[in-house]
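Working through the structure, step by step
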Amino acid sequence: MAKVWFVGAGPGDPDLITVRGRALLARAGAVLYAGSLVSAEHLHHLREGCAVADSSSMTLEEMLAWLLDQASRHAEVVRLQTGDPGLYGALAEVAGPLRAAGIKVGVIPGVSSAMASAAAAVETLTLPETTQTVILTRVAGRTPMPPGEQLRDLARHHCTVCIFLSATLLETVASELTHAGWSASAPILVVHKASWPGEEQIIRTTVAHLAEACQERGLHGQTMIIASPALQATRPEQPQAMRSRLYDPTFSHGYRP
């Protein structure tokens, strides 16, 4: 029986796809990839004769029709998506109908742009006794937010907030953070095309200057915005952060008395 795999390509750099994901590409009979977001370099790993389609201009119905057709011809079909398939991808909309049609479905996770952005800037998203929570969210645009999930509601926790799909709504982001009690001088990390070779841009700014700083660079899609009290903790000039208890010599556990 055919199986359709949803594979996370990672944030941009072709080398950040998982080993398992690349192995699936190499043996798949057909690949539907998100050409507007996924590097075409991944296609170099496909076997000869593999059917390939770019979903950039497709509707959901066209994607489903293509996947169902290819699943009738090949044992393994790949839907190659940016980042991780479970984050802001159409996993539910596509996997549900495939299962209803009797097609097996599998998911290979991928590196999210949130993690890649923190890595690019050498930042930690959690810090002992500063923040131990990470919220992945977006602001309302053409897609509304569910009740209780407005950015200002979530940002009131004053933990790390990774804001996806909001590069065209920067003034709204700043306003929502301000209404949640973040100071105008609170640090903000913005990373455009995290990990993309030759295209990555890292901007360090503040809540007050977020829109201005990004507009000066002409940033638009594929931009991650991170607000966090843990930002800049890895810099040598910063005060020593509270150390992890796991590595404290007075803290015993199963591997250290």
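The paragraphs below set out a description of the structure included in this document. (Residues numbered from 1 in each chain as written. Predicted model: local features only at pLDDT ≥ 70, side-chain atom pairs only at ≥ 80, totals over all residues. Heavy atoms only, no water.)

1. Structural notes on the pairing of strand S8 (residues 187–192)
If a strand is regular, its side chains alternate between the two faces of the sheet. Of all six residues in S8, five are buried; the element is thus mostly enclosed. Alignment of S8 against strand S9 (residues 201–206), held across six bridges, turns out to be antiparallel. By the bridge assignment for S9, leucine 189 is matched with arginine 204. Direction of pairing for S8 relative to strand S10 (residues 223–227): antiparallel, over a ladder of five bridges. Counterpart to histidine 192 in the pairing with S10 is threonine 223. (Buried < 20%, exposed > 50% of the residue type's maximum accessible area, 1.4 Å probe, protein only. Helix = DSSP H or I, 4+ residues; strand = E, 2+ residues; numbered from the N terminus. Pairing = 2+ DSSP bridges.)

2. Observations regarding the sheet that holds strand S1 (residues 3–8)
Strand order across the open sheet formed by five strands is S3-S2-S4-S1-S5, with parallel pairing between neighbours. Looking at which strands have only one partner, the edges of the open sheet turn out to be strand S3 (51–54) and strand S5 (104–108). Here the strands of the sheet are splayed against their neighbours by 15° on average, with no regard to which way each runs. When S1 meets S5, the two strands line up parallel, connected through five bridges. Residue pairing for S5: valine 7 is matched across the bridge by isoleucine 108. Where helix H2 (residues 60–71) meets the sheet, it contacts S1, strand S2 (30–33), S3 and strand S4 (76–81), and its direction lies at approximately 165° from that of S2. (Axes fitted to C-alpha atoms, helices over the stretch in contact; angles between N-to-C directions. Contact = heavy atoms within 4.5 Å.)

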